[in-house]
Structures are given as C-alpha cells and as structure tokens.
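One letter stands for each residue in the lines below.
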Amino acid sequence: MSLEFKCSRCSAPLTYTPESIFSVCEYCGYVYWFDEGARVNIFAAPSKPREVIISSFWSRMRMDRDMGRCVDMISIEDVYGVYVPLYISNVNVDVEWIGYRIERRRSGRTVTASRVTRRGRFNTDIRHVYHARRHAEEFGLIELCERVKGFNSYVALESLRWDDVKAQVLNAEYSIGEALSIIRDDVEDRVRDDVRMRERLHGFYYYSCKADVRDVKLVLAPLWIITYRFRGGMFKAAFSGFDASILKVSEPVFLHQRLAYIASSILASIAGSILIIATAIGFLEASLWIPILFLAAALTGAGLAAKSISDVREEKK
C-alpha cells in the first residue's frame, strides 16, 4: 500500500510504502529518511536524456533482422524512466573445498563407476550488484544489475540537476545491514554453484567460503522502459539510462520463428524417444543419466512448443 506526504523542502508530494527506508523527492532531490539507522551516502549514475533513449530504441529496431523490415508499423505508446536503488559492492572470497564426481568407464558392454575426489582453494574479488527492493518486478532489472557491474562513473546524489532528471526514484526497502547479509549469502551460493559446474562435481565433502563485503555503495541506476505498439500488440523495451544500451526487449513472434520453434520441439521429442528406445533394446547401457537426459529433452520440447503458440518473445542483450 502506497502512502503520501509532502517534501519538507519544496512541499511536493512524496510516495512511500511501509517498507521504504527513504524517499527521494522527484522535484528537488531531497532525501527523506524513514529509518535513521539505515542512513548511508547515496550515489547516482546520471542518465542520458529521454530523446537519446528514444533514438537508441529506433536504432535497435532498424538494425533488428525482423523488426527492421516493418519499422514503419511501430509506434511508441509510452516512455518512462525510473532510478532503481542498487547496492554495489566488492566482495573478497576465500574458498576451500573438497568434492567428488562420478566417472564412468566402459569396457565392452560393462560400465564401471568410480568416485573421484577433487579439492581446491582460491581467493578472489567479485563485484556484486543487488537491488534494494523487496519486490523487484521492473522489466529489465536483472539485466541492469549485470550492466552496472562495469560502470564506475557515479556522482553524489546532491550533484544531480533535478530539472534534468525527470524520472521517478524508486524507494529502497533493504537497509544496509540487511543488504550485507543478503550479499554474503548470495555470493557464497553463486561461488559454490560455479565451483560445482566448473569442476563437474556431483557433491561436496567439505565447502567453506568466507565472504568479506567491502566498499558498499547505494547507487541509483537509471532504467528506461519504452512501450510500443506493433500490429495491435503491445511490447516493451528496456534500456540502461547511463549508456542508452538495450537490456531486454519483447517482440512479436513471426511465422518463420513459430515454425522454427515447432520443428525444434519435434526434434527434441524425437531425440528423447530415441534415447529411451535405444536403452530398452540394449544399444545403450542403462544408467542414471538416461532418465535425466530424457527429462531434459522433454522439458526442452515442451518449452519450445509453448514458445510456438505464444505471441510474444523476449530477447536479452
């Protein structure tokens, strides 16, 4: 539920929720803190003007292999920008692990399995970005977090010219204390998954990851959303405001794409069926990987079939 009160500097209306830790006035940039214990320095990534974002949108559409052929049938319905609060930090991780993977060897028709132990230790720095909102539903937000990792030209919030901003500022809902705990857990989980995939492990005997979160900044990053109409349908395109680059776009599914999805779905289903038949007649040795591969083929076929009947597809950049 959103509540409203007035800015103490310019008397403009401020909107906040019970979970907000601060609110930024969209008219003068004044920061009103609801949780004094969560007060931190706030930085911002200055946004390109609205006209630059629109120009980038049309350039993207003209360059697209499918949309470029019918760009004259596109009309922009809405353009709006928001500043999304993000916690950006550098995390030093010290990791030590002992794991295992199952290796199978074939000798004629006999397959033997052995458990191979692997171990490792490393220390590295990771740049981490996490949104400061409990309900992160903005289109393109995940992609914006990834793009921000390579951006360093932040400025103090007070130095922004608010007459030029003309964008809503979304309230942060995680305090710095909550953010530190979330960042540690998130980094530790990601590093463990990376080790498991890189080493092709089936499990761990021992895993230790010490995450030291350093240099945490609360940064307002600009996200622009363009809603456009094409042949009666409504679609969206998300752009990072600091460099006007495309993050994510939804587009119509054209006939040739629909046919490609259908063909790929059929091929995935056939591959799964061949796998089961080959196992049943003894051509392939039965193992745990057979049902897993069959399930993967079935899920792939189902996903492609769903795309073939959808009117919207999404592309990430």
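So, how was this worked out
Think of each chain on its own: its residues are numbered from 1, step by step along the sequence as written. Only residues with pLDDT of at least 70 get local features here, since the model is predicted, and only at 80 or more are side-chain atom pairs given and counted; chain-wide, interface and lining totals rely on the full set of residues. The side-chain numbers reported here are obtained from all heavy atoms of the structure, hydrogens and water having been left aside. Pairing between strands requires that DSSP locate at least two bridges from one strand to the other. For the purposes of this entry, the term helix denotes a DSSP run of H or I that reaches at least four residues, the term strand denotes a run of E that reaches at least two, and both are numbered from the N terminus. The classification of residues rests on relative accessible area computed with a 1.4 Å probe and restricted to protein chains. Under 20% of the type maximum is buried, over 50% is exposed, and intermediate values are partly exposed. Residue contacts follow a heavy-atom distance rule, with two residues in contact if any of their heavy atoms lie within 4.5 Å. Aromatic pairing here means that ring centres of Phe, Tyr or Trp (its six-membered ring) are within 6.5 Å. Orientation follows from the plane angle: under 30 degrees is stacked, over 60 is edge-to-face, and everything else is tilted. Both a distance and an angle decide whether a charge sits over a ring: NZ of Lys or CZ of Arg must be within 6 Å of the ring centre and within 35 degrees of the ring normal. By definition here, a helix of n residues has an expected span of 1.5 Å times n minus one. For salt bridges, the criterion is a side-chain nitrogen of Lys or Arg within 4 Å of an Asp or Glu carboxyl oxygen. Two N or O atoms form a polar contact when they lie within 3.5 Å of each other; inside protein one atom must be a possible hydrogen donor and the other a possible acceptor, and for residues adjacent in sequence the pair counts only when both atoms belong to side chains. The quantity called pLDDT is the predictor's confidence in a given residue, expressed from 0 to 100.

Enquirer: Explain the pairing of strand E10 (residues 203-230) here, please?
Expert: A regular strand carries its side chains on alternate faces of the sheet. As defined by bridge partners, strand E5 (residues 42-44) adjoins E10 across three bridges and the pair is classed as parallel. Note on E10: the bridge partner recorded for alanine 44 is leucine 220. Of the pairings in the sheet, the one linking strand E6 (residues 74-107) to E10 comprises 25 bridges and is antiparallel in character. Residue pairing in the sheet places aspartate 78 in a bridge with threonine 227 of E10. The sheet contact formed by E10 and strand E11 (residues 233-240) spans eight bridges and is antiparallel. Note on E11: the bridge partner recorded for arginine 229 is methionine 234. Connecting E10 to the antiparallel partner E11 that follows it, the hairpin turn spans two residues, and arginine 231 within it adopts a positive phi of roughly 50 degrees.

Enquirer: Help me out: how do you make sense of the environment of alanine 45 in this one?
Expert: As for its position among the elements, alanine 45 is in the loop between E5 and helix H1 (50-63). A relative accessible area of 1% means that alanine 45 is categorised as buried. Residues alanine 45 and leucine 157, spaced 112 residues apart in sequence, show a C-alpha to C-alpha distance of 8.8 Å. Those residues in contact with alanine 45 that sit more than four places away from it in its chain are Tyr83, Phe151, Tyr154, Val219, Leu220, Ala221, Pro222 and Phe242.

Enquirer: Whenever I open this one, unusual backbone geometry confuses me. Can you help?
Expert: The phi angle of most residues is negative, glycine excepted, and most peptide bonds adopt the trans form. Here the phi dihedral of arginine 200 falls at roughly 55 degrees; this positive angle occurs in a residue that is not glycine. Structurally, arginine 200 is set in the loop between helix H4 (176-198) and E10. For arginine 200, a relative accessible area of 54% gives the class exposed. Although it is not a glycine, aspartate 215 sits at a positive phi angle of roughly 50 degrees.

Enquirer: Would you mind going over the packing of aromatic side chains with me for this structure?
Expert: In this description, a pair of aromatic rings is defined by centroid distance and the angle of the planes. Tallied over the full model, the rule gives nine aromatic pairs. Measuring from ring centre to ring centre gives 6.3 Å for tyrosine 130 and tyrosine 174, while their planes differ by 55 degrees; the resulting arrangement is tilted. Of the two residues, tyrosine 130 sits in strand E7 (residues 110-131) while tyrosine 174 sits in the loop between strand E9 (168-169) and H4, which places them 44 residues apart along the sequence. Ring-pair connections join several aromatic residues into one group, and the members of that group are Phe57, Trp58, Tyr228 and Phe235. Its end group placed over the ring of tyrosine 100, arginine 115 keeps NZ or CZ at 4.1 Å from the ring centre. Its end group placed over the ring of tyrosine 207, arginine 192 keeps NZ or CZ at 5.7 Å from the ring centre.

Enquirer: Quick question: what am I supposed to make of H4 here?
Expert: For an α-helix, the turn length of 3.6 residues means that residues three or four places apart are oriented alike. With 23 residues, H4 ought to run about 33 Å at 1.5 Å a step, and its terminal C-alpha atoms sit 32 Å apart, in line with that. Looking only at H4, the buried set comprises Ala179, Ile183, Asp186, Val187, Val191 and Val195. In the segment just after H4, arginine 200 is the residue with positive phi, at about 55 degrees.

Enquirer: How should I be thinking about the pairing of strand E12 (residues 245-252) in this particular structure?
Expert: Counted residue by residue, E12 has eight buried out of eight residues, so it is predominantly covered. Across four bridges, E11 lies against E12 in antiparallel orientation. What sits directly across from alanine 237, in E12, is valine 249. A loop of four residues connects E11 with E12, the two strands running antiparallel in sequence, and alanine 244 in this loop sits at a positive phi of about 60 degrees.

Enquirer: Mind showing me how you'd approach the pattern of salt bridges here?
Expert: Here the idea is simple: oppositely charged side chains can pair when their charged atoms come close. Per the stated rule, a full pass over the model turns up 13 salt bridges. For arginine 60, the salt bridge identified is with aspartate 64, shortest N-O distance 3.0 Å. For arginine 60, a relative accessible area of 11% puts it in the buried group. Among the salt bridges present, the one from arginine 198 reaches glutamate 199, with a minimum N-O distance of 3.9 Å.

Enquirer: Would you explain the side chain of asparagine 92 in this entry?
Expert: With respect to the secondary-structure elements, asparagine 92 resides in strand E6. Judged by its relative accessible area of 12%, asparagine 92 is buried. Looking at asparagine 92, its side chain comes within polar contact range of the side chain of aspartate 125, at 2.9 Å. In this structure, asparagine 92 is in contact with Asn123, Thr124, Asp125, Lys210, Ala211, Asp212 and Arg214, ignoring residues within four places of it in sequence.

Enquirer: Quick question: what am I supposed to make of the environment of glycine 233 here?
Expert: Note on placement: glycine 233 falls in strand E11. Classification of glycine 233 as buried rests on a relative accessible area of 19%. The sequence separation of glycine 233 and glutamate 251 amounts to 18 residues, and the corresponding C-alpha distance is 9.3 Å.

Enquirer: Any chance you could explain the confidence of the model for the protein chain here in plain terms?
Expert: One rule of thumb: low pLDDT means the predicted coordinates there are not for detailed reading. Across the protein chain, pLDDT averages 79, with 75% of residues at or above 70. This stretch, residues 308-313, has a pLDDT under 50; its non-local contacts, to residues over four places away or in other chains, come to 23 contacts.

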